[in-house]
Amino acid sequence: MHIEAVTLRKLKMRLKTPFETSFGITRERTVVLVELLADGVTGWAEVTTSEGPFFNSETPETAWLVIRAFLAPLILGKDLRCASEVTQTFAAIRGHEMARAGIENALWDAEAQQKGVPLAKLLGGTHPEIKCGVSLGLQASPEALLKKVATELHAGYQRIKLKIKPGQDLDFVRAVRNSHPDTLLSVDANSAYTLADIEHLKRFDEFNLLMMEQPLWWDDIFNHARLQKQLKTPICLDESIRHSRDTEAALDLGAARIINIKVGRVGGHTSARQIQALCLARNIPVWCGGMLECGIGRVHNIAVSSLPGYTLPGDVSASKRYWDEDLIDPPVEVSPRGTIPVPTSPGLGYHVRRDLIERWTTEKETWRAR
Ligand code: OSB
Ligand code: MG
């Protein structure tokens, strides 16, 4: 693959409803898209940064800077045998996983198109459809939350994840569990607790939860191992897993029994596959997390979720839960059984809506091979 050009765009996209986590409220997403031209084919990917450095340390602006100053110059005019080779090209770059993933994943789309295969197949996907769950943001009251849960279960979603934080946790979870005794239910704290809360966190054991996601510090593994020893509920790590070595450390220490794989957080498809392979070999269930992506990131997530070992419903759900209009055609739709079919046409398998992308672009920069 000869890399001819890289274009970055920033788009503002208003969410249909604000999404609140323990680290803040998102009303409008700043979506960063990568458009990469290689051998006449255009690959697309999304840089999945949050609006500020509150999920991990990256932001749309840090990713833009790192791509402009360091990543794009390393690949422009170069020839790569395949997308995964870029991990060696980028080996000197420390951190900035989401920036790296934006470039690498666009290369994967381009490679899939060039080879005439679906991205899911190129990644090693085997499932014809993926299982879908939803992530529900913090709500004003247990009653409001119960209404949301009912809507999503009615739509067919197979697992409900509730965001929690101190002061908005046990009562909310209890209300949902009492109304839905058999639903696959999990909670996600996005690092809102500390080890001082250990007695409090133990109280979640009574709800028969599928997992508790990232209760402690965003960059911690060791203290999660201390906590897991005291909990019956399986811990799932999200924020603190950046690559397969983190995963190995977490599993060896007993810090988690389930791993959330986000293709941006771990630096791209190659790293995501290493984590998937490691967990599969150790019989650790994985699932694909979300970052409120537009259609382009969402479709990469569908492909990722089709690999062996993704046995739990993920946070990949329908476009219409987030957007009035999505950047792909058709939008991502979920069946009444709570599944999404894995595309079988080459590349992403959805049409990218350039018209909308152009209309909503607020910033754009292109770098070409000289
Ligand atoms: O921790 O999984 C998370 C959204 C933004 C940042 C972090 C997280 C989330 C979600 C939403 O839970 C998942 C989604 O629906 O995209
Ligand atoms: Mg999470």
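Computed from a prediction, not measured in an experiment: that's the story for all the values here. (Residues numbered from 1 in each chain as written. Chains lettered and ligands numbered in written order. Predicted model: local features only at pLDDT ≥ 70, side-chain atom pairs only at ≥ 80, totals over all residues. Heavy atoms only, no water.)

(A) Inspection of the domain arrangement of the protein at higher detail. Taken domain by domain, the protein comprises domain 1 (3-116 + 352-364) and domain 2 (122-341). The interface of domain 1 with domain 2 comprises 40 residues on the first partner and 44 residues on the second. The junction of domain 1 with domain 2 conceals about 3500 Å² of combined surface from both sides, 67% of it contributed by carbon and sulfur atoms. For the domain 1 face of the interface with domain 2, the top three residues by lost area are Lys16, Phe55 and Trp108, together amounting to 20%. Taken together, domain 1 and domain 2 are joined by one salt bridge. Here Glu325 makes a salt bridge to Arg353, at a shortest N to O gap of 3.4 Å. (Domains from an automatic or database assignment. Contact = heavy atoms within 4.5 Å. Buried area = accessible area lost by both parts, 1.4 Å probe. Salt bridge = Lys/Arg side-chain N within 4 Å of Asp/Glu carboxyl O.)

(B) Expanded view of the pattern of salt bridges. Here the structure, examined in full by the defined rule, presents 27 salt bridges. Here Glu35 ties to Arg354 by a salt bridge, and the two come within 2.7 Å at their closest N and O atoms. Here Glu35, found in strand S2 (residues 24-38), pairs with Arg354, found in helix H12 (residues 354-360); they are 319 residues apart in sequence, far enough to count as distant. Residue classification places Glu35 among the buried residues on the basis of a relative accessible area of 12%. Given the relative accessible area of 37%, Arg354 is considered partly exposed. Residue Arg81 pairs with Glu85 through a salt bridge whose shortest N-O separation is 2.6 Å. (Helix = DSSP H or I, 4+ residues; strand = E, 2+ residues; numbered from the N terminus. Buried < 20%, exposed > 50% of the residue type's maximum accessible area, 1.4 Å probe, protein only.)

(C) Region of the structure containing the coordination of the magnesium ion (ligand 2). Around the magnesium ion (ligand 2), the protein supplies Asp188 (OD), Glu213 (OE) and Asp238 (OD) as donor atoms, at distances of 2.1 to 2.3 Å. Considered as a linear motif, the donors of the magnesium ion (ligand 2) on their single chain read D-x24-E-x24-D. Taken together, the residues span a long stretch of sequence, with Asp188 in strand S7 (residues 184-188) and Glu213 in strand S8 (residues 211-213) at a distance of 25 residues. (Donors = N, O, S within 2.8 Å, 3.2 Å for Na, K, Ca; no water.)

(D) Molecular detail of the site of ligand 1. Around ligand 1 there are 17 residues in total, and Ser135, Asn190, Lys262, Leu292 and Tyr322 lie nearest to it. Contacts to ligand 1 include Asn190, whose side-chain N or O atom sits 2.8 Å from an oxygen atom. Between ligand 1 and Met291 there is a distance of 3.4 Å, counted from an oxygen atom to a backbone nitrogen or oxygen. Taken by itself ligand 1 offers 390 Å² of open surface, and the protein chains cover 98% of this. Across the shell around ligand 1, the residue classes break down as six nonpolar, three polar and eight charged. (Near = heavy atom within 4 Å. Polar contact = N/O pair within 3.5 Å; in protein donor to acceptor, adjacent residues only side chain to side chain. Areas by Shrake-Rupley, 256 points an atom, 1.4 Å probe, with all protein chains shown as cover. Nonpolar A, V, L, I, M, F, W, Y, C, P; charged D, E, K, R; others polar.)

(E) Fine view of unusual backbone geometry. With an omega of -10°, the peptide bond running from Asp329 to Pro330 counts as cis. On the secondary structure map, Pro330 appears in the loop between strand S12 (328-329) and strand S13 (339-341). Even without glycine at this site, Asp39 takes up a positive phi of about 50°. For Asp39, the location among the structural elements is in the loop between S2 and strand S3 (41-47). Look at Asp39 and you get partly exposed, because its relative accessible area is 40%. Although it is not a glycine, Leu292 sits at a positive phi angle of roughly 55°. Its place among the elements puts Leu292 in the loop between strand S11 (286-288) and helix H11 (295-305).

(F) Quick look at the pairing of strand S1 (residues 3-21). Where S1 lies against S2, 14 bridges are found, and the strand directions are antiparallel. Among the inter-strand pairings, Phe19 is bridged to a residue of S2, identified as Thr26. Taken together, S1 and the strand that follows it, S2, pair antiparallel across an intervening segment of two residues. Where S1 lies against strand S15 (residues 361-368), seven bridges are found, and the strand directions are antiparallel. (Pairing = 2+ DSSP bridges.)

(G) Spatial organisation of the side chain of Thr339. By secondary structure assignment, the location of Thr339 is in strand S13. Thr339 sits in the buried class, given a relative accessible area of 3%. At 3.4 Å, the side chain of Thr339 forms a polar contact with the side chain of Glu129. A distance of 2.7 Å separates the side chain of Thr339 from the side chain of Ser335, its partner in a polar contact.

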